[in-house]
Amino acid sequence: MANLIALQMTSTPDVTENLDHVEQQLARLTVNEPTLVVLPECFACFGGGDKVLLSIAEPLGKGPIQSRLSHMAKQYGVWLVAGSMPLEGTHPDKFTASCLLINDAGERVTEYQKIHLFDVQVADNTKTYCESKYTQAGSTLVSVKDTPFGHLGLAICYDVRFPGLFQAMAEHQALDVIALPAAFTQKTGEAHWQALIKARAIENQCYLVAAGQTGIHANQRQTHGHSCIISPWGETLAEIPQSVGAIDAQLDPTIVNRIRRDMPVYSHNKFRSYLV
Ligand SMILES: O=C(O)CNC(=O)[C@H](CS)NC(=O)CCC(=O)C(=O)O
């Protein structure tokens, strides 16, 4: 057994304030089994604009944000999926939206760079989202086999709309958990969030831990919240509507195995590419 946790936040442009908040939440946990804590997209800095994000972008493996995350993971004995944070890319005017997986010894296990960027018109007060203006898209799928949580897949926010990403991660081995840091808009979240996260959990027959931003941010953007932990059968195991805080659920591998035994969609699938 293992424990799955999502932190829901209303992050501000102030990095120290946001990291202090993460630390307060971690300090409250009782950890006596492997614990995965998923932080929202842009947990360290939100609503300050792209110049601020560019100014705090760190090289991979170096810098105050990564160093503090590593200390916290070790001190509180948890695995961290550090939402997304800006890291220096290869383009001088852009950063990557990077999700770091840090183990309970404080070591970086992997980095995933958001692949699908949110260049979308939304009928809210922001109207035009153009993430690619300041974000350099990733192009590599990242999942990690053999974690204490099984085969763990990483995806960020808008990525959840592209089921092919998850199918590709599961090509050779089914996913056991999907970690999904997010900052869904209030508008699109109301319409689609729950259906999307449930669909990804059901079709992959895996746990899904979705950690969201919530509330109204410094730039007046409103995010949807509704952080959720979904079971491999599509049940909502834990949910926090629009407040700030933590939710948790148990990961039980026997449930995953039973669902896959009774309904073996993974082996029934005629569209896995190596079968075609
Ligand atoms: O740019 C930042 O400050 C932080 N990044 C985000 O908030 C990102 C890109 S704008 N948001 C999303 O991907 C929302 C997706 C979404 O809402 C949907 O798919 O409906």
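This is a predicted model, so every value here is computed, not measured.

### Observations regarding the packing of aromatic side chains
- This structure, assessed with the given rule, holds six aromatic pairs.
- Judged by centre distance (5.7 Å) and plane angle (85 degrees), the rings of W79 and F149 are edge-to-face. Taken together, the residues span a long stretch of sequence, with W79 in strand 3 (residues 79-88) and F149 in the loop between strand 9 (143-147) and strand 10 (150-154) at a distance of 70 residues.
- Among the residues examined, W79 registers a relative accessible area of 10% and is labelled buried.
- A centroid spacing of 5.7 Å and a plane angle of 40 degrees characterise the contact between F95 and Y134, whose relative ring orientation is tilted. With F95 in strand 4 (residues 95-102) and Y134 in the loop between strand 7 (128-130) and strand 8 (135-136), this pair connects stretches of sequence that are 39 residues apart.
- The exposure class assigned to Y134 is partly exposed, which follows from its relative accessible area of 24%.
- Through pairs of rings, three or more aromatic residues link up here, namely F118, Y129, Y158 and F162.

### Things to note about the site of the ligand
- The full set close to the ligand counts 16 residues, and K114, Y134, R161, T188 and R221 are the nearest of them.
- Between the ligand and Y134, the relevant distance is 3.0 Å, taken from an oxygen atom to a side-chain nitrogen or oxygen of the residue.
- Between the ligand and the protein, one listed contact pairs an oxygen atom with a side-chain N or O atom of R161 at 2.7 Å.
- About the coverage of the ligand: the protein hides 96% of its 490 Å² of free accessible area.
- Here the ligand occupies the largest pocket.

### What about the nonpolar core?
- Grouped together as the largest cluster of nonpolar side chains are 49 residues, with contacts concentrated most on L4, L36, L154, V177 and I197.
- Not counting residues up to four positions away in its chain, the partners in contact with L4 are L36, F149, V177, Y207, V209, I229, I247, D248, A249 and L251.
- Grouped together as the second largest cluster of nonpolar side chains are 28 residues, A44, Y76, A82 and I102 included.

### Things to note about unusual backbone geometry
- Even without being glycine, C157 reaches a positive phi, approximately 45 degrees.
- Assignment of secondary structure puts C157 in the loop between strand 10 and helix 4 (163-169).
- The buried category is assigned to C157, whose relative accessible area is 7%.
- The residue Q220 is not glycine, and still its phi comes out positive at about 70 degrees.
- Take Q220: it is sitting in the loop between strand 13 (214-216) and strand 14 (222-224).
- Take Q220: its relative accessible area is 49%, and that puts it in the partly exposed class.

So, how was this worked out
Residues numbered from 1 in each chain as written. Predicted model: local features only at pLDDT ≥ 70, side-chain atom pairs only at ≥ 80, totals over all residues. Heavy atoms only, no water. Phe/Tyr/Trp six-rings, centres within 6.5 Å; stacked < 30°, edge-to-face > 60°. Helix = DSSP H or I, 4+ residues; strand = E, 2+ residues; numbered from the N terminus. Buried < 20%, exposed > 50% of the residue type's maximum accessible area, 1.4 Å probe, protein only. Near = heavy atom within 4 Å. Polar contact = N/O pair within 3.5 Å; in protein donor to acceptor, adjacent residues only side chain to side chain. Areas by Shrake-Rupley, 256 points an atom, 1.4 Å probe, with all protein chains shown as cover. 1 Å grid on protein atoms, 1.4 Å probe; cavity = no way out; pocket = protein on both sides within 12 Å on 5 of 7 lines; lining within 4 Å. Sits in = over half its atoms within 2 Å of the grid points. Core = buried A, V, L, I, M, F, W, Y, C linked by side-chain atoms within 4.5 Å. Contact = heavy atoms within 4.5 Å.

Scope: geometric values only; no functional claims are made or implied.
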